[in-house]
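Observations on the three-dimensional arrangement
Below are the chains, spelled out letter by letter.
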Amino acid sequence: MRTTMQNWIGWIATAACACGLATTAAAEDAKAAAEQFIPLLVYRTGPYAPNGTPWANAKQDYIKLINARDGGVNGVKLTYEECETEYKTDRGVECYERLKGKGPTGAALFDPQSTGITFALTERAPVDKIPLITVGYGRSESQDGQVFMWNFPLLGTYWTAADVLVQHIAKKEGGFDKLKGKKIALVFHDSPFGKEPIPLLEEHAKLHGFELIKIPVTAPGVEQKSVWLQVRQQRPDYVLLWGWGVMNSTALKEAQATAFPRDRMLGVWWSGAEPDVKDVGEGAKGYSALTIQYGAGLSKVQKDILKYVHDKGQGTGPREEVGTVLYNRGLLIQMLSVEAVRRAQEHFGKGKPMTGEQIRWGLENLTLDQKKLDALGFGEMLKPVATSCADHVGASYARIQTWDGSRWVPGDLYEANQQMIAPMVHSAAAAYAASKNITARTAQTCQS
Amino acid sequence: MLYRENGQFKTSYAADQQLLPIAQDRWFMMALVACSLIAVPLLASDYALRALIIPFLILTIAAIGLNILVGYCGQISVGSAAFMGVGAYLAYNLTLRVPQLNFLVVLVLSGLGAALVGIAFGIPSLRIKGLYLAVATLAAQFFLDWAFARVRWLTADSPSGSVSTRSIQMLGWTVERPVDKYLLVLGLLCILTLAAKNLTRSHIGRAWMATRDMDVAADVIGVRPLSAKLSAFAVSSFYAGVAGALWGFVHLGSWEPAAFSVTMSFNLLFMIIIGGLGSMVGSFFGAAFFVLLPVLLNRAPASLGIELSTAMKSHVEAMIFGGLIVLFLAIEPRGLARLWAIGKEKLRIWPFPH
C-alpha cells in the first residue's frame with residue numbers, strides 16, 4: 001500500500017514538472033516570427049460532433065490554404081490551435097482563457113460555434129478586447145454595434161432567419177394576407193439558441209394573424225415522441241424546425257412516423273446540412289431548410305482547397321467532405337475572419353500581426369464587393385458584405401434549399417426585412433445597455 | 001519524525017478541542033492560507049485564476065454544502081445544482097431590481113432564499129429515506145429547471161432565457177480583475193469552511209451524524225429528526241445558493257438555465273463521493289479532482305510533446321479520467337480524504353512502522 005502510494009505521488013510530481021517546463025518553452029517559441037494567431041474552438045466529440053466536425057475541418061483548411069497559396073496575409077503567416085469545447089459552456093470558457101493570450105498579439109478573434117458559449121464570452125470579450133464573430137448565430141440584438149461593440153453576428157441572426165422563413169411561407173401561400181388563421185408550430189431546441197427566434201415570430205404572428213405554437217425539445221433532442229404527438233394533435237400548417245445536431249434527424253424521423261408532410265417542414269440554417277438528413281434519406285424528401293446564401297457545392301475556393309491543401313496531403317478531414325453545407329459555412333466564417341485581418345492591416349500597417357482591437361476595427365469596416373469576392377473565390381457563394389458601426393450583420397440574405405432524397409437543391413434567395421427587425425434590435429440592445437450600464441456609441445464616437 | 005505531537009501538552013479543554021490540535025497541522029494550515037493569499041495572486045496567470053482556480057473554489061463551496069447534507073446527515077440529494085440555480089437567479093433579480101444593494105448582502109440573501117427552497121424540498125425527507133429520497137430531490141431539480149426556463153419574470157423577460165450580470169460592486173471595490181474575483185471567492189470560502197467545520201463539531205453536527213448513523217436510535221436518545229434533517233437541508237442549500245450566485249456572477253457572468261442542470265448535480269455528488277463523504281478536506285479534493293484534472297489531462301499530451309488530434313485528446317481525457325475514478329475508488333472506497341488521513345497516520349509513525 002505504501003509503496004503504491006509513493007509511486008503515485010512520484011508520478012504526479014514528475015508529470016506536473018514536465019507540464020510546467022513544456023508550457024514555458026512553447027510560450028517563448030511563439031514570440032519569434034510575424035504571425036497572426038487564430039484560435040479555433042471546436043467540438044469534435046460529444047452529441048453535436050457530426051455537425052461540429054466538418055465545420056472545424058473547413059476552418060482549418062482555409063487557414064492552410066491562405067498560408068500555402070498566398071503565404072499568409074501580406075506575409076503574415078496564420079497560426080492556429082484547436083481547443084475542444086464539447087459544446088459545453090464551462091469548457092468553452094476554459095478554452096477561451098487558454099487560447100486568448102497565444103501568439104505575438106494574442107488571439108485575433110473568437111468564433112465560439114455555440115450560442116451558450118457566445119453568451120458567456122460576450123461578458124469577457126470587451127474586457128480582453130477580443131472580437132467575437134457569430135456567423136448566423138449568437139445574440140440577435142448584437143446586430144446593434146453601438147451597444148455590442150465586440151460582437152459580430154455577420155451574415156445573419158436568428159431574427160433574420162425567422163423573418164426569411166415567414167416570407168417563404170407567405171410566398172408559398174400566395175401572399176402575407178393568406179397567413180391569417182394559419183397555424184405555425186416552432187419546434188425548438190430548449191436553449192437560448194432555440195428561444196432566440198420567438199420574439200420575432202410572435203411579432204409576425206400579431207401582424208399577419210397566424211397562430212404560433214411553441215413546442216420545446218429538451219436538449220440534445222433524441223426523445224421527441226411527445227413533441228410530435230403535440231404536432232399531431234394541433235395539426236399546424238407548417239412546422240419550423242429550430243434544432244442542432246441529433247435533434248434534426250430525430251425530428252425528421254418522427255415527422256415521417258407521424259406522417260407530417262415534410263414539404264411543410266422548414267428548418268433554420270442549423271437544421272439543413274447533410275448529417276441532418278442523410279440517415280433519413282428518402283424520408284426527408286421535400287424537407288426545406290435555410291442556408292446562409294450558399295449551400296452545398298464546389299465553387300472556386302473549394303477547388304483551390306482541393307488543389308493547395310488536399311492534393312498536398314494536408315487536408316484536415318476526408319476529401320469528400322469538401323463542398324458540403326457545413327464545410328462551406330466553415331469556409332465562409334474563416335474567410336470573413338481573414339478578411340477582417342486584411343482590412344485591419346490596410347488601416348494599421350501591412351505585414352504586421354494585428355491586435356484584437358485592430359481586428360475589431362477591421363470587422364466593423366469590412367467592405368467585400370463583388371470584385372473582391374470573385375478574387376477570393378467566393379463570388380458565387382456570397383453577395384457583397386458591408387458592415388458599419390451601427391450594423392454588425394453586413395448582409396442578411398438567406399436561401400431556401402430542399403432535400404431531394406440525395407442532395408440539397410438550392411432554391412429562392414430572400415433578404416430579411418429590416419423594417420421589422422431593426423426596431424426590435426434597438427429596443428433589445430437598449431434594454432441590455434441599461435441593465436449593464438453601458439453607454440451606446442454615437443456616430444461621433446464610432447471611429448474610436 | 002517531523003509530523004509527531006510528542007511534547008505538545010494540552011493544559012486546557014479549549015486547547016484540547018481546538019480545530020487543529022497538532023502544531024504541525026496549524027503551521028501547515030497557516031502556510032497554506034498565506035500561500036493562497038499572497039503567492040497565488042502574485043504568481044498565478046489570468047488563465048489559471050479564471051479558468052481553473054476560481055471555478056474550483058466556487059464548486060468547493062457547493063461541495064461542502066452537499067457534503068453537509070449527504071456526508072454528515074445521510075440524506076442523499078441530487079438536486080444541489082437546482083439550489084445553486086435558486087441562488088444565482090435570486091442574486092440576478094436582486095441586483096437587477098434593487099441595484100443599490102451591496103453584493104455581500106445579495107449573496108447572503110440568495111443563500112437564505114436557497115435555504116428556504118431547500119427546506120421546502122427537504123420536507124419529504126421526513127417520511128422517505130435513501131434512494132427514494134434521491135428520487136424526490138430529483139423532482140426538485142426538474143421542477144426548478146422548468147421554473148428557470150419557463151417563468152419569464154425570473155429572467156427579466158429575456159427573449160432567449162439567458163441572463164447576464166452587472167459588474168460586482170461592494171464598498172467601493174469593483175470586483176473585475178481576476179485577482180479581485182479570486183480574493184473575494186477565497187475569502188468567502190475560508191469563512192464558509194470554518195463555519196461548516198465548526199457546525200459539524202457542534203450539537204447540531206452531532207445531531208446530523210446521529211441521524212445519519214441510525215435515525216431511529218437518534219430519535220430515541222432525543223435528537224429531533226425534523227430539526228436535524230431540515231437544518232441540514234437548510235444549511236446545505238444556503239451553501240449551494242451562495243456558490244450558485246458566485247458561479248453566475250463571478251465565474252460565468254452570463255448563463256442559460258442549462259448551467260444548473262442535473263449534470264451539475266450529479267457532478268457535485270460524484271465530487272463528494274470521490275473526495276470523501278463526511279469530510280471537509282474531501283470536498284476540496286473532490287472539487288479539485290473534477291475541475292482541475294480534466295483540464296490538466298486535456299493539456300498533458302501537448303505539454304509532453306505528444307501530437308494528438310483534438311478529438312483524440314478529448315477521448316484520452318475521458319478515458320483516463322474515468323479510469324482514475326475507478327482506480328481511486330478501488331484503492332480507497334471512502335474517498336481521497338481517507339487516503340489523506342492514511343498518509344498522515346503513516347507519517348506519524350515514520351520511520352518506525354509497526
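What you see is a predicted model; the values in this text were computed from it and never measured.

1. Let's talk about the overall build of chain B
Within chain B one finds 14 helices and four strands. Whereas a compact globule of 354 residues would reach a radius of gyration of roughly 20 Å, chain B reaches 21 Å, a difference of no more than 12%. The dimensions of chain B, computed from C-alpha atoms along their principal axes, are 70 × 60 × 45 Å. The proportion of buried residues among the 354 residues of chain B is 43%. Contacts spanning at least 24 positions in sequence make up 76% of the contacts within chain B whose residues lie at least 6 apart.

2. Quick word on the overall build of chain A
Along the backbone of chain A there are 15 helices and 13 strands. Over its C-alpha atoms chain A spans a radius of gyration of 23 Å, differing by no more than 12% from the 22 Å that the globule rule assigns to 448 residues. Principal-axis analysis of the C-alpha atoms gives chain A an extent of 70 × 65 × 50 Å. Out of the 448 residues belonging to chain A, those deemed buried represent 54%. Sequence separation of at least 24 residues holds for 70% of the intrachain contacts in chain A that already meet a minimum separation of 6.

3. A short note on the environment of Pro112(A)
All names here are of chain A. Looking at the secondary structure, you find Pro112 in the loop between α3 (89-99) and α4 (115-128). Remark: the alpha-carbon pair of Pro112 and Ala49, spanning 63 residues in sequence, is separated by 14 Å. Discounting chain neighbours no more than four positions away, the residues touching Pro112 are Leu41, Gly92, Ile117, Thr118, Leu121, Leu132 and Thr134.

4. Some words on the nonpolar core
Ranked by internal contacts, the top residues of the largest apolar core, which has 222 residues, are Val187(A), Leu240(A), Ile58(B), Ala62(B) and Ala243(B). If you count residues domain by domain, this core takes at least three from each of domain 1 (32-156 + 297-396) and domain 2 (158-291) of chain A. Those residues in contact with Val187(A), other than ones at most four positions away along the chain, are Ile215(A), Val217(A), Val227(A), Val239(A), Leu240(A), Leu241(A), Trp242(A) and Ala251(A).

5. Describing the confidence of the model for chain B
Residues and elements named next belong to chain B. Here chain B averages 92 in pLDDT, while 100% of its residues score no lower than 70. Across chain B, the element-wise mean pLDDT spans from 83 in strand β2 (residues 168-170) up to 96 in helix α5 (residues 103-122). Interface confidence for the predicted complex, given as ipTM, is 0.87, next to a pTM of 0.88.

6. As for the interface of chain B and chain A
In many reports, interface size means the accessible area that the parts give up when they come together. The interface of chain B with chain A comprises 29 residues on the first partner and 36 residues on the second. Ranked by residues supplied to the side of chain B that touches chain A, first place goes to helix α13 (residues 310-331) of chain B with five residues. For the side of chain B that touches chain A, a count of residues per class yields 12 nonpolar, 12 polar and five charged.

7. Notes on helix α4 (residues 80-97) of chain B
Taking 1.5 Å of rise per residue, the 18 residues of α4(B) would be expected to cover 26 Å, and the 26 Å separating its terminal C-alpha atoms lies within 8% of that figure. Most of α4(B) sits out of view: 14 of its 18 residues are buried.

8. Quick word on the domain arrangement of chain A
Residue and element names in this part refer to chain A. Annotation of chain A at the domain level lists domain 1 (32-156 + 297-396) and domain 2 (158-291). The gap between the C-alpha centroids of domain 1 and domain 2 is 29 Å. Secondary-structure elements contributing two or more residues to the side of domain 1 that touches domain 2 are α2 (49-70), α4 and α12 (325-348). Broken down by element, the side of domain 1 that touches domain 2 gets its largest block of residues, three residues, from α4. In terms of residue class, the side of domain 1 that touches domain 2 is built from seven nonpolar, eight polar and no charged.

9. A closer look at the environment of Leu331(A)
Residues and elements named next belong to chain A. With respect to the element layout, Leu331 can be found in helix α12. The spatial distance from the C-alpha of Leu331 to the C-alpha of Ala170 is 32 Å, given a sequence separation of 161 residues. Residues within four places of Leu331 in sequence aside, it is in contact with Ala58, Tyr62 and Val301.

10. Examining the sheet that holds strand β7 (residues 238-242) of chain A
All names here are of chain A. On the basis of which strands lie adjacent, the open sheet formed by seven strands has the order β6-β5-β7-β8-β9-β12-β13 and mixed pairing. One side of each edge strand has no neighbouring strand; the edge strands of this open sheet are β6 (211-217) and β13 (408-415). Strand-to-strand, the axes of this sheet are offset by a mean angle of 25 degrees, without reference to chain direction. As paired strands, strand β5 (residues 183-189) and β6 are joined by seven bridges and run parallel to one another. Paired with Ile184 across the strands is Leu212, a residue of β6.

About the thresholds
Residues numbered from 1 in each chain as written. Chains lettered and ligands numbered in written order. Predicted model: local features only at pLDDT ≥ 70, side-chain atom pairs only at ≥ 80, totals over all residues. Helix = DSSP H or I, 4+ residues; strand = E, 2+ residues; numbered from the N terminus. Rg over C-alpha atoms; globule rule 2.2 N^0.38 Å. Buried ≥ 20, exposed ≤ 12 C-beta atoms within 10 Å, placed from the backbone. Contact = placed C-beta atoms within 7 Å. Core = buried A, V, L, I, M, F, W, Y, C linked by C-beta atoms within 7 Å. Domains from an automatic or database assignment. pLDDT = per-residue confidence, 0-100. Nonpolar A, V, L, I, M, F, W, Y, C, P; charged D, E, K, R; others polar. Expected span 1.5 Å × (residues − 1). Pairing = 2+ DSSP bridges. Axes fitted to C-alpha atoms, helices over the stretch in contact; angles between N-to-C directions.

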